[in-house]
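Working through the structure, step by step
In case you want the letters, here they are:
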Amino acid sequence: NAGVMQNPRHLVRRRGQEARLRCSPMKGHSHVYWYRQLPEEGLKFMVYLQKENIIDESGMPKERFSAEFPKEGPSILRIQQVVRGDSAAYFCASSPIRTGGRHEQFFGPGTRLTVL
Amino acid sequence: GQSLEQPSEVTAVEGAIVQINCTYQTSGFYGLSWYQQHDGGAPTFLSYNALDGLEETGRFSSFLSRSDSYGYLLLQELQMKDSASYFCAVRDNNAGNMLTFGGGTRLMVKP
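Heads up: these notes are all about the structure in this document. (Residues numbered from 1 in each chain as written. Chains lettered and ligands numbered in written order. Predicted model: local features only at pLDDT ≥ 70, side-chain atom pairs only at ≥ 80, totals over all residues. Heavy atoms only, no water.)

Turning to the state of the cysteines, a few remarks are in order. Tallied over the full model, the rule gives two disulfides over all chains. The residue that forms a disulfide with Cys23(A) is Cys92(A), at a sulfur-sulfur distance of 1.8 Å. Because the sign of the S-S torsion sets the handedness, a value of about -50 degrees for the bond joining Cys23(A) and Cys92(A) places this disulfide among the left-handed ones. Of this pair, Cys23(A) sits in strand β3 (residues 19–24) while Cys92(A) is found in strand β9 (residues 88–95), placing the two residues 69 residues apart along the sequence. Classification of Cys23(A) as buried rests on a relative accessible area of 0%. Note that Cys22(B) is cross-linked by a disulfide to Cys88(B), the S-S spacing being 2.1 Å. Since a negative S-S torsion denotes a left-handed disulfide, the Cys22(B)-Cys88(B) link at about 75 degrees is right-handed. A residue pair is termed long-range when its members are at least 10 positions apart, and Cys22(B) in strand β3 (residues 18–25) and Cys88(B) in strand β9 (residues 84–91) qualify at 66 residues. (Disulfide = S-S within 2.5 Å. Helix = DSSP H or I, 4+ residues; strand = E, 2+ residues; numbered from the N terminus. Buried < 20%, exposed > 50% of the residue type's maximum accessible area, 1.4 Å probe, protein only.)

In structure tokens:
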């Protein structure tokens with residue numbers, strides 16, 4: 001059973017360009033979460049999605065950032081007009097509907113975004 | 001606001017026992033999780049406590065005191081491979097599994 005997959009693993013963009021980060025959850029998982037991690041810091045929640053629905057986007061910056069989880073295909077985190085401060089590791093996690101009481105999230109390997 | 005406090009760094013020797021503390025202040029509380037992250041790697045789940053008390057899983061144990069808003073991760077018989085960052089995280093919303101993470105504790109295990 002393949003784990004959570006993210007691509008690309010590394011992404012370099014110049015200021016003003018767009019970044020698209022993709023996440024395929026584990027098979028059978030319908031909940032997807034995106035987190036951002038700056039060096040030497042913890043993960044910051046950004047957005048929680050279920051298929052075709054954004055459940056909670058309280059951690060998403062109001063501008064330039066958007067996320068989707070379509071009926072078919074991976075979840076996408078999109079950052080428009082990137083700035084240097086967007087440089088970070090972006091992790092996707094997934095969980096099944098029923099977590100068996102552990103509430104475990106399964107994390108992907110992350111996408112490391114560098115904005116030049 | 002939401003905040004979780006944990007020490008930034010801990011050093012211990014192989015074979016020793018180390019305890020990583022976590023205190024939290026969150027608007028809601030449904031459980032405390034611990035995740036391990038090696039440099040450049042993905043966070044991996046270690047434990048989850050929703051109720052007071054100690055949960056043991058092999059060499060790792062996790063403790064929670066809801067009245068004190070406090071928990072800890074206990075690592076026994078330390079091995080070099082345990083060198084990693086350890087994050088406590090609060091599940092603060094019953095509508096979903098979103099987590100609020102602490103800043104992480106970097107554990108260095110020395111021979």
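Across the boundary between the two partners, chain B contributes 20 residues, which contact 22 residues of chain A. Both faces combined, the contact of chain B with chain A buries some 1700 Å², and carbon together with sulfur accounts for 57% of it. The largest contributions to the chain B side of the interface with chain A come from Phe45(B), Asn97(B) and Met98(B), which together make up 33% of the buried area. Joining chain B to chain A, the criterion identifies zero salt bridges. Our count for the contact surface shared by chain B and chain A stands at five residue pairs in polar contact (both at pLDDT 80 or more). For the side of chain B that touches chain A, the elements supplying multiple residues, two or more each, are β4 (31–37), β5 (44–49), β9 and β10 (99–101) of chain B. (Contact = heavy atoms within 4.5 Å. Buried area = accessible area lost by both parts, 1.4 Å probe. Salt bridge = Lys/Arg side-chain N within 4 Å of Asp/Glu carboxyl O. Polar contact = N/O pair within 3.5 Å; in protein donor to acceptor, adjacent residues only side chain to side chain.)

Bringing the side chain of Ser94(A) into the picture now. Residues and elements named next belong to chain A. Counting through the fold element by element, Ser94 comes out in strand β9. Here the side chain of Ser94 touches Met26 through a polar contact of 3.3 Å, landing on its backbone nitrogen. Residues within four places of Ser94 in sequence aside, it is in contact with Val4, Pro25, Met26, His29, His31, Val32, Tyr33, Glu104, Gln105 and Phe106.

This part is about the pattern of salt bridges. All names here are of chain A. Per the counting criterion, the structure on display carries six salt bridges over all chains. Between Glu104 and Arg102 there is a salt bridge, with the nearest N and O atoms lying 2.5 Å from each other. When salt bridges that share partners are traced, they join Glu18, Arg20 and Arg78 into one network.

A separate point is the sheet that holds strand β7 (residues 60–65) of chain B. Residues and elements named next belong to chain B. Read across the open sheet, the five strands follow the order β1-β3-β8-β7-β6; overall the sheet is antiparallel. If you trace the sheet from one side to the other, it starts and ends with β1 (3–5) and β6 (53–57), each paired once. The average undirected angle you get between the axes of adjacent strands in this sheet is 15 degrees. (Pairing = 2+ DSSP bridges. Axes fitted to C-alpha atoms, helices over the stretch in contact; angles between N-to-C directions.)

For the structure on display, the rule yields 13 aromatic pairs over all chains. Ring plane angle 90 degrees and centroid distance 5.5 Å describe the contact between Tyr35(A) and Phe101(B), whose orientation is recorded as edge-to-face. Taken together, the positions of Tyr35(A) in strand β4 (residues 31–37) and Phe101(B) in strand β10 put the pair across two chains. (Phe/Tyr/Trp six-rings, centres within 6.5 Å; stacked < 30°, edge-to-face > 60°.)

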